Amino acid sequence: GVPCSGVTSQRIAAPPGGGVGAASVTTDANGQASTTLTLGGAAGPQSFAATTGTFSVSIPAVATPADPSTILAISGSGQRDTVRKALKQPFVAKVTDRFGNAASGVTVTWARTSGSGALGATSSVTGADGLASVGYTLGTIAGTETVTATVSGLTGSATFTATALSAGPANIAIVSGTGQAGRVSQALGAPFVVRVTDETGAAASTSSWRATQGSCC
């Protein structure tokens, strides 16, 4: 138990990605030797080692994630469903530090940037896995809708898209061509035009024609 001064350690080892201020140091009058230690980039338990002769000691440490650096779209983008329907899967974004470690407790802000749908919330907080999610209900107009996820202080955003589909034919209305007169067996000068819409007023693609008097098509 007597301090040994002037002993030079043969090696001070760092975990992957980490470092030490000096790989070899000498003990002082109290038998102590020191150097600076830099943690590696992986969050979680890490270990340094100091060795002299045949003796070695492990120096444990724990690395926590660095400041948030990146936000990425993980899942939920590209879904398609009928107008006004809630999407089956939420939009999921992930926040990481510059080493790729999950960043927990980070507030993610959600915003619809195109379309007419509704977000389940304007913000959510990342969990231990760095993930934050939000539900989405499609709007009343058929087409592509876009949602972005951002974090305050970070450059860039995660972008999600969804497609609202027509709900199917619900109404039909004459647009033009009605009331024409012409010779028998001659084609009319202008076609009949109707507009088919779904229950929201969006265009629908199904229609068929038949003659109730005379002949058609």
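Here, the structure is the one placed above.
These numbers were taken from a predicted model, which means no experiment stands behind them.

## Here's the deal with the overall build of the chain
(1) Moving on: Looking only at helices and strands, one finds zero helices and 17 strands in the chain.
(2) Moving on: For the chain, the spread of C-alpha atoms along the three principal axes comes to 120 × 30 × 25 Å.
(3) Moving on: Counting the 217 residues in the chain, one finds 26% classified as buried.
(4) Moving on: Partitioning the intrachain contacts of the chain with sequence separation of at least 6 by distance along the chain shows that 48% fall at a separation of at least 24.
(5) Moving on: Roughly 13,200 Å² of accessible area belongs to the chain as shown, and the carbon and sulfur atoms make up 52% of that amount.
(6) Moving on: Placing the 11 positive and 8 negative side-chain charges of the chain at their respective mean positions leaves the two points 17 Å apart.

## Side note on the environment of glycine 31
(1) Moving on: Along the chain, the position of glycine 31 falls in the loop between β2 (19-20) and β3 (37-38).
(2) Moving on: Accessibility expressed as a relative area gives 29% for glycine 31, which makes it partly exposed.
(3) Moving on: Sequence spacing of glycine 31 and valine 7 is 24 residues, and the spatial spacing of their C-alpha atoms is 7.8 Å.

## Regarding the environment of phenylalanine 99
(1) Moving on: Residue placement: phenylalanine 99 occurs in the loop between β8 (91-96) and β9 (107-114).
(2) Moving on: For the pair formed by phenylalanine 99 and alanine 43, sequence separation is 56 residues and the distance between their alpha carbons is 8.8 Å.
(3) Moving on: Among all residues touching phenylalanine 99, those that are not within four sequence positions of it are Gly41 and Ala66.

## A look at a nonpolar patch on the surface
(1) Moving on: A cluster of nonpolar side chains, namely Leu37, Val57 and Ile59, defines an oily patch on the protein surface of about 220 Å² accessible area.
(2) Moving on: One can find valine 57 in strand β5 (residues 55-63).
(3) Moving on: A relative accessible area of 47% places valine 57 in the partly exposed class.

The rules we used
- Residues numbered from 1 in each chain as written.
- Predicted model: local features only at pLDDT ≥ 70, side-chain atom pairs only at ≥ 80, totals over all residues.
- Heavy atoms only, no water.
- Helix = DSSP H or I, 4+ residues; strand = E, 2+ residues; numbered from the N terminus.
- Buried < 20%, exposed > 50% of the residue type's maximum accessible area, 1.4 Å probe, protein only.
- Contact = heavy atoms within 4.5 Å.
- Areas by Shrake-Rupley, 256 points an atom, 1.4 Å probe, with all protein chains shown as cover.
- Lys, Arg positive; Asp, Glu negative; His and termini not counted.
- Charge placed at Lys NZ, Arg CZ, Asp CG, Glu CD.
- Patch = residues over 30% accessible without salt bridge, like charges linked within 9 Å, V, L, I, M, F, W, Y side chains within 5 Å.
- Salt bridge = Lys/Arg side-chain N within 4 Å of Asp/Glu carboxyl O.

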